[in-house]
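# Reading the structure
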Amino acid sequence: MNLIVFDLEWNMGAATRTFNYHGAEIPLRGEIIQIGAVRVDESGDVLDTFEMTLRPRLFRKLHWRIAQVTGLSQGDLEAGVPIAEGLRRFVEWAGPDAEFAEWGLDDVPVLKQNLFLYHLDESWPRRWYDLQQIYLKSFPRREGESLTLESVVERLGIPKDGDFHNALEDALYTTKICRRLPLAQGLADYPTPEEQIRTALLGGLDSETYDVRTFFDKLDHDAYKKDPELCRVGCPFCGAELQLNDIWLKRGNTGYYTEAVCPDHGSWFVRFKLNRRDGLHWNFARCVESLRPETYARYKKLEASQRERMRLKAERLKAEGKTDSAEFSK
């Protein structure tokens, strides 16, 4: 295994910026200004390191908050390697078979977005790991405990011999945590993307579920209610196509559900869970759930409230001489 433990620092602008990805407008999470990476073996021992400060092209002025956190200056950025060249050199150093590990899941999406923007292969890396999840299996989170890199370094008694929020130093601290973990076993047991999103969908549901499916690499967030591949669902009992309600309610930050009716077998819930692990594509897990009286009553109450909000909004827009095509397209 060619395992790379890495950390990024990135710059941002005062306002949100988007970019076009195969027809989809995607918010840019940030432009990379520093890369720190450590090639390790499956015990976490260091084999090689990579460090580079990059000169950004889109967000050329260093944001004051980034300067405060990282200690970088405007001069550091201006003296950096041009970002396209730096990314290319990092890709070459890591290698095409690199598997990435990071503390959390923030950096790989930023990397992939930047690779695309600078005309490199954004499908790389194809496999990456959240080391927090491996850590938590050995050191369960205590009540009120932070999972920041610095707090875990303190919990494990690792000496603080470098600055935090420096990309290479953070990557090195992460490798020191790795050496306190059963890293090889944690990587071997790490769930696949399909297992991750299925678990996120089904967690907390206490009714019977049917027809659990996953769908990957979609560009439209709303594919769950627009794409026939996703939103055409059969009755678990007879296979007849369920008729979906036009009102979708949220469950958590990235969960949606609606009522779905079979003429012969009554109402069900159709549920979706979404994620955007790579910062570019939407992934979906879907199931059909049997109804319990209390959850169905709650849905109908929330549905009525949402319809009333839509009605009031439509009246207000009409009075202002405007229309909301999104509202009237339902």
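Above this text is the structure in question.
Residues numbered from 1 in each chain as written. Predicted model: local features only at pLDDT ≥ 70, side-chain atom pairs only at ≥ 80, totals over all residues. Heavy atoms only, no water.

## Digging into the pattern of salt bridges
Enumeration over the complete set of coordinates arrives at 21 salt bridges. Between E145 and R155 there is a salt bridge; the shortest N-O distance is 2.8 Å. Of this pair, E145 sits in the loop between helix 5 (131–138) and helix 6 (149–155) while R155 sits in helix 6, placing them ten residues apart in sequence. We classify E145 as buried; its relative accessible area is 14%. A salt bridge links E308 to R311, with the shortest nitrogen-to-oxygen separation between them at 2.6 Å. Of this pair, E308 and R311 both sit in helix 12 (residues 293–319), three residues apart, which is roughly one turn of that helix. (Salt bridge = Lys/Arg side-chain N within 4 Å of Asp/Glu carboxyl O. Helix = DSSP H or I, 4+ residues; strand = E, 2+ residues; numbered from the N terminus. Buried < 20%, exposed > 50% of the residue type's maximum accessible area, 1.4 Å probe, protein only.)

## Focus: the packing of helix 3 (residues 83–94) against helix 4 (residues 107–117)
Between helix 3 and helix 4, whose axes approach to 10 Å, the crossing angle comes to 120°. The chirality of how helix 3 crosses helix 4 is left-handed. Between helix 3 and helix 4, the contacting residues are I83, L87, F90 and V91 on the first element and L111, N114 and L115 on the second. In terms of residue class, the contact of helix 3 with helix 4 is built from six nonpolar, one polar and no charged. (Axes fitted to C-alpha atoms, helices over the stretch in contact; angles between N-to-C directions. Left-handed = near helix turned anticlockwise from the far one by under 90°. Contact = heavy atoms within 4.5 Å. Nonpolar A, V, L, I, M, F, W, Y, C, P; charged D, E, K, R; others polar.)

## Let's talk about the packing of aromatic side chains
By the definition in use, this model includes 24 aromatic pairs. Consider the rings of F6 and F100, whose centres lie 4.8 Å apart with planes at 85°: the pair is edge-to-face. Here F100 lies in strand 7 (residues 98–102) and F6 lies in strand 1 (residues 2–11), a separation of 94 residues in the sequence. Like F100, F6 is buried. Seen in terms of ring centroids, F164 and Y173 are 4.3 Å apart; in terms of plane orientation they differ by 5°. Their pairing is stacked. Neither F164 nor Y173 differs from the other in exposure class; each is buried. The rings of F6, F50, F90, W93, F100 and W124 are connected pair by pair, giving a single aromatic cluster. (Phe/Tyr/Trp six-rings, centres within 6.5 Å; stacked < 30°, edge-to-face > 60°.)

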